[in-house]
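Listed here are the chains, written in short residue letters.
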Amino acid sequence: MIGLISATAAGAAARDRLAAAWPERTRVYDGPVADAVRRAFAECEQLVCFLATGAVVRLVAPLLGDKTSDPGVVCVDEGGRFAVPVLGGHGGGANDLAAEVGEVLGAVPVVTTATDAVGLAGLDTLGLPVEGAVAAVSRALLDGEPVALEAEVAWPLPPLPVAEQGGAYTIRVTDRAVAAGEREVLLRPPTLVVGVGASKGAPVDEVLTLVEGALAEAGLSVRSLAELATVDAKAGEPGIVEAAERLGVPLVTYPAGELAAVEVPNPSDAPLAAVGTPSVAEAAALARGGELLVPKRKSERADGSPAMATCAVVRRPGRGRLAVVGLGPGARDLLTPRAKAELRRASVLVGLDQYVDQIRDLLRPGTRVLESGLGAEEERARTAVAEARRGQAVALIGSGDAGVYAMASPALAEASDDIDVIGVPGVTAALAAGAILGAPLGHDHVSISLSDLHTPWEVIERRVRAAAEADLVVTFYNPRSRGRDWQLPKALAILAEHREPATPVGVVRNASRPDESSRVTTLGGLDPATVDMMTVVTVGNTATRTIAGRMVTPRGYRWQTTQEEAR
């Protein structure tokens, strides 16, 4: 919850705008300001104070406890011009909150945290447990000193400007129970899965002691524990449920039939008779693959009575991450916030050179850029998937929406289920052009590429003819190039068999870019020679009209009938 505090009418007005935008996330604290700040500080994860920065500093100073638990605090001036994180920039999320406040209020985030100021990913913001000399290693990164990255286990980290060979400082990605050196930071990825079996009524302390003991004896860190796993029949076993809660990890369960199909080194008749699978601990730990580090072991009881719990430990490899990102039609303000976030998260960027140039300034220091020229789509897709399989966080970029005549199709055709794939939608050329032209896509419409590099012309022609017969608005991508100058006239001729010469046609070149141009003409008046590959051509249907110079396709034919009767 975000606590909102203000002292004046102007501050309250800005406060109320934020509260209206985030009704489920915010709570307004009224009353004397000092009391309101104290209550909000104790009850909320974050605070936004519409007060002078000095006043906020004095009010929160007596309340400070520990940087890992104090809420993030953002100070906003009464005019809503600036949003200043004053506490918990990283740990409390105040830097990100300031950016969000800025989006709502039109305020400028004033972020002074060193790593954020220069675009570096903070080591304590990576979503992983972190230990060691965070401040010293962060300072070395900021100062450009050589910092080595030692990845004992693969994990898709955001970009870090690390040295290729050695360094006085080290970032180690490990799940082993080792202590950080004087100039070292340990990042603990959640790679470990512990499978657990238990008799009915097994005490939580017995389960917990067994799990922690197995990890410790194997030299593994409990901070890299991702989950406990067991069979469905034990999903409500109190000792297992509470052990997961105390360890702060989810409890994942599997049907007995699924576990019975998992090959394990130590099957047993006892669990087969009890729950229907010859293995619970080992099979549950191995259910999603991985390396068995600790085979099944039983708990030990002080009184010598039979063990009531078993466990096994597996290391799952970190899954690479492939984000397929649509950059939109070109204008920076049409690049979505989600796309920007994925570009900053990726340690490897793969894309067409001219698209890379559009967003190069958004990349974090240390991002490895793999760019290539026109005509290498399949190669870029293979490269992006291969990098993700190496455990990297990869962004594969395309213009418009990456799923529309762009990189998503070849990438997903190449990818299998061994990596995580995230699609990030973008504003398509058809939508950007449509917004410029008016409302040509107000009813059913279709997009057709006239390029026969990947599709035989016979197939394209059949699709154009079907769209013409179905009276669909048609947007032509890749309409004409120097080497392909006859396809557009042929496609227009097919449409002309079913539509009047006066049918509105919109022509938009470089939609949203500085040299954008557009015009509305007619099916009979369009000169194909004025069209090139940077152009989108939208042909209306029989209901499309030109109104005040804009193309408008009504949402229903009833509207068209009413307009005609009015004439």
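Here the structure is a predicted model, which means the values were calculated and not measured. (Residues numbered from 1 in each chain as written. Predicted model: local features only at pLDDT ≥ 70, side-chain atom pairs only at ≥ 80, totals over all residues. Heavy atoms only, no water.)

With that settled, the discussion passes to the environment of Asn 95. Looking at where Asn 95 falls in the secondary structure, it is placed in helix α4 (residues 94–105). C-alpha separation for the pair Asn 95 and Val 84, spaced 11 residues apart in sequence, amounts to 8.1 Å. (Helix = DSSP H or I, 4+ residues; strand = E, 2+ residues; numbered from the N terminus.)

To continue, consider the sheet that holds strand β22 (residues 445–449). Taken together, five strands build an open sheet; the order of strands is β22-β23-β26-β24-β25 and the sheet is mixed. Looking at the sheet topology across the chains shown, the edges are occupied by β22 and β25 (517–522). Strand-to-strand, the axes of this sheet are offset by a mean angle of 20°, without reference to chain direction. Of the pairings in the sheet, the one linking strand β24 (residues 504–509) to β25 comprises six bridges and is antiparallel in character. Looking at β25, one finds that Pro 504 is bridged to Thr 522. Helix α16 (residues 429–437) contacts β22, β23 (473–477), β24, β25 and β26 (535–539) of the sheet and is inclined by roughly 115° relative to β24. On top of the sheet, helix α18 (residues 487–496) reaches β23 and β26; it is set at about 175° to β23, its chief contact. (Pairing = 2+ DSSP bridges. Axes fitted to C-alpha atoms, helices over the stretch in contact; angles between N-to-C directions. Contact = heavy atoms within 4.5 Å.)

If you look at the biggest cluster of nonpolar residues, it comprises 25 residues, and the most contacted ones within it are Val 194, Val 211 and Leu 228. Of all the secondary structure elements, the ones that give two or more residues to this core are β11 (192–198), α7 (204–217), β12 (225–231), α8 (238–247) and β15 (309–315). Of all the elements, α7 adds the most residues to this core, at seven residues. Counting 21 residues, the second largest nonpolar core, distinct from the first, contains Trp 457, Ile 460, Val 505 and Leu 526. (Core = buried A, V, L, I, M, F, W, Y, C linked by side-chain atoms within 4.5 Å. Buried < 20%, exposed > 50% of the residue type's maximum accessible area, 1.4 Å probe, protein only.)

Taken together, the side chains of Phe 82, Val 108 and Val 110 present a nonpolar region at the surface, about 220 Å² in accessible area. Along the polypeptide, Val 110 turns up in the loop between β6 (108–109) and α5 (114–117). Residue Val 110 is classed as partly exposed on the basis of its relative accessible area of 31%. (Patch = residues over 30% accessible without salt bridge, like charges linked within 9 Å, V, L, I, M, F, W, Y side chains within 5 Å. Areas by Shrake-Rupley, 256 points an atom, 1.4 Å probe, with all protein chains shown as cover. Salt bridge = Lys/Arg side-chain N within 4 Å of Asp/Glu carboxyl O.)

Remark on secondary structure: sheet strands pair via backbone hydrogen bonds, oriented parallel or antiparallel. Across the sheet, six strands lie side by side as β2-β1-β3-β4-β5-β6; this open sheet has mixed pairing. Each edge of the sheet is formed by a strand with only one pairing partner; in this case those strands are β2 (26–28) and β6. Pairing between strand β3 (residues 46–50) and strand β4 (residues 72–76): four bridges, direction parallel. For Val 48, the partnering residue across the bridge sits in β4 and is Val 74. Along the sheet, helix α2 (residues 33–43) contacts β1 (2–6), β2, β3, β4 and β5 (82–87); its crossing angle with β1, the most-contacted strand, is approximately 175°.

Axes are the key here: two packed helices are described by the angle between their axes and the distance separating the axes. The N-to-C vectors of α7 and α8 enclose an angle of 55°; their axes lie 8 Å apart at closest approach. Classified by the angle their axes make, α7 and α8 are oblique. When the axes of α7 and α8 are compared, the crossing they make is right-handed. Contact with α7, carried on its side by Val 204, Asp 205, Val 207, Leu 208, Val 211 and Glu 212, involves Gly 239, Glu 242, Ala 243, Arg 246 and Leu 247 of α8 and no other residues of that element. Of the residues in the contact of α7 with α8, the class split is six nonpolar, one polar and four charged. (Parallel < 35°, antiparallel > 145°, perpendicular 65-115°, else oblique. Left-handed = near helix turned anticlockwise from the far one by under 90°. Nonpolar A, V, L, I, M, F, W, Y, C, P; charged D, E, K, R; others polar.)

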